[in-house]
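Structural overview
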Amino acid sequence: MSGLRGRTPAVIAAVGLICLWQLIVWAFSVPTYMAPGPVDVVIAFRESAGILWSNFWPTLYEALLGFICGNTIAILLAVWFVHKTTAERAFYPIAVFINTIPIIAVAPILVLIFGNGFAPKIIIAGLICFFPTLVNMVRGLKAVSPATLDLMRVLSASNGEVFWKVRIQSSLPFLFAALRIASTTCVIGAIVAEWIGSNFGLGALIIEATYNFRSPLLYATVFTAAMLAVAIFSTVSFAESRIVRWKAPEVH
Amino acid sequence: MTLDCAPARDLAVSIKDLDVKFGVGDNAVTALSGVSVNITEGSLVTMIGPSGCGKSTLLRAVADLVPISNGGLTVLGQSPSEARRQRYFSFVFQDATLLPWRTALDNVKLPFEVGGGGGIRADPGELLELVGLKGREHAWPDELSGGMRQRVAIARALATRPKVLLMDEPFGALDEITRDKLNEELLRIWRETGTTIIFVTHSIAEAVFLGESVLVLATNPGRVKEFLPVPLSHPRKLPVRDTLEFVEITGHLRRSLEEC
């Protein structure tokens, strides 16, 4: 209801900026290889639809699998950390250390180990999702008030019941905050991994289009990658709106 | 009147020479020392004392939330942990502690879903009606006011038809008008359910208005100062607080608390 009306200014602004972009390109006769106008990009979309499409799927596959694996491991690790303080003390610093290594520096190492296939891309996409989810999930599982734990004790609830009925539920807003971040970063991870060494995927297409001065195709590829991130982000947001129907004021 | 037949009633909570200490060795702090009190079934006892006198600790000891260092404590003849497993008592906290991802009705049903779900199961809809929330069954906690959330918490506490209701400053965070209203309704619920209620408060007026008797605790170490019967007749309504009798009792309590 309010969605369409609320979005009208954003749509007008976007259309305006695209028109401005086209006008600048025309007014200053910017060469296409340097900066193509929106019209060139649309033409590139039509002419290279096949190439874009065939490179879209591998990147989607890597990003999604990385998203699922990275987040699953982060969630399981967070559960372990919350139950075993020793585990948290032992592995949390290591997780922080891994997070400080720039992903772009890890990528060549993984390509050397795992070769040019899907594996290093999925691992990098997963790695980039991993840390925010781990941190948020640990916070979420611990965000239970002492009074609530007292209540569960008075009700003679078992540890399992406290976990499933209280901790998991209270962690959901924290988890989804992390998943929304991961939904866009997993695409970044997949594309960065494809830059390092790959002959398929949107990342490889970006490199190829740049080196061959096929700027309209480059722009079309970048736009496709952005659309992919938006699609995953929207899916996560939709899932959140269905699953978490209450507000947690302390998130963010 | 009700107090006259007290000796005939069974004991809901029996406490004898109770000590509660926190910490070990030289750092140990004595929260309660030599507390003895008997609370008969069906009575409404309010507990008052200066801060740090251990009134919450005493209530939490009854609820098996705090371990006993010395002495005896039974709830309907059972140890606190056994009474907890048997669901003899319920606890209402200062904070409503509702689970925000559950509707009012589902919050009331929580006791049926955990801890083996044993004991009696009262009708959750009827309970919400009893606390004056008919029609708000499917409201989320963040849609309810503080007073309404506390009403849901009371309904949840009554869901297993407990013999003893332990209340730790349940209306302490509410505004005075809401608190007055809930005080009156709590008396009604007490009359209708016949539950024994132990009610901790830091308001003298609330202690006298609600209590059949008032347990006054003194501090350093926490101990019983006085166990004062309140001879006001039931059913009590708010205007009773303007009577001379009421003012005399609160005056006595105020002086008693100053000496603590």
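Check the entry above for the structure.
Values in this document were obtained by computation on a predicted structure and should not be read as measured data. (Residues numbered from 1 in each chain as written. Chains lettered and ligands numbered in written order. Predicted model: local features only at pLDDT ≥ 70, side-chain atom pairs only at ≥ 80, totals over all residues. Heavy atoms only, no water.)

Now for the overall build of chain A. Within chain A one finds 10 helices and 0 strands. When the helices and strands of chain A are listed from N to C terminus, the series reads α-α-α-α-α-α-α-α-α-α. With the C-alpha coordinates aligned to their principal axes, the bounding extent of chain A is approximately 75 × 50 × 25 Å. A separation of at least 24 residues holds for 76% of the contacts in chain A among residues at least 6 apart in sequence. Total accessible area computed for chain A in this model is approximately 13,800 Å², and 72% of it derives from carbon and sulfur atoms. Taking the 16 positively charged and 10 negatively charged side chains of chain A as two groups, their mean positions are separated by 10 Å. (Helix = DSSP H or I, 4+ residues; strand = E, 2+ residues; numbered from the N terminus. Contact = heavy atoms within 4.5 Å. Areas by Shrake-Rupley, 256 points an atom, 1.4 Å probe, with all protein chains shown as cover. Lys, Arg positive; Asp, Glu negative; His and termini not counted. Charge placed at Lys NZ, Arg CZ, Asp CG, Glu CD.)

Going through the model one piece at a time under the given rule, you end up with 15 salt bridges over all chains. Measuring nitrogen to oxygen at the nearest pair gives 3.2 Å for the salt bridge that ties A:Glu88 to A:Lys142. Here the residue A:Glu88 occupies a position in helix α4 (residues 85–100), and A:Lys142 occupies one in helix α6 (residues 119–142), the gap between them amounting to 54 residues. Using a relative accessible area of 15% as the deciding quantity, one classes A:Glu88 as buried. Across the pair B:Arg60 and A:Asp150 runs a salt bridge, and its minimum N-O distance is 2.9 Å. Of this pair, B:Arg60 sits in helix α1 (residues 55–62) while A:Asp150 sits in helix α7 (residues 146–154), each in a different chain. You can call A:Asp150 buried: its relative accessible area is 16%. If you follow the salt bridges from partner to partner, you end up with B:Arg151, B:Lys181, B:Glu185, B:Arg188 and B:Glu192 in one network. (Salt bridge = Lys/Arg side-chain N within 4 Å of Asp/Glu carboxyl O. Buried < 20%, exposed > 50% of the residue type's maximum accessible area, 1.4 Å probe, protein only.)

This part is about helix α2 (residues 38–47) of chain A. Residues and elements named next belong to chain A. Of the residues making up α2, those classed as buried are Pro38, Val41 and Ala44. Along the long axis of α2, the arc covered by the buried residues comes to 115°, so they all point the same way. With respect to the buried face of α2, the exposed residues turned more than 90 degrees away are Arg46 and Glu47. (Arc of directions from axis to C-beta.)

Once that is clear, we can look at the packing of helix α8 (residues 159–196) of chain A against helix α9 (residues 201–211) of chain A. Residues and elements named next belong to chain A. Direction vectors running N to C along α8 and α9 enclose 50°, while the axes themselves pass 7 Å from each other. Here α8 lies oblique to α9, going by the angle between them. By crossing handedness, the relation of α8 to α9 is classed as right-handed. Where α8 abuts α9, its residues Ile191, Glu194 and Trp195 lie against Gly201, Leu202, Gly203, Ala204, Ile206 and Ile207. (Axes fitted to C-alpha atoms, helices over the stretch in contact; angles between N-to-C directions. Parallel < 35°, antiparallel > 145°, perpendicular 65-115°, else oblique. Left-handed = near helix turned anticlockwise from the far one by under 90°.)

Purely geometric numbers; function is a separate question.
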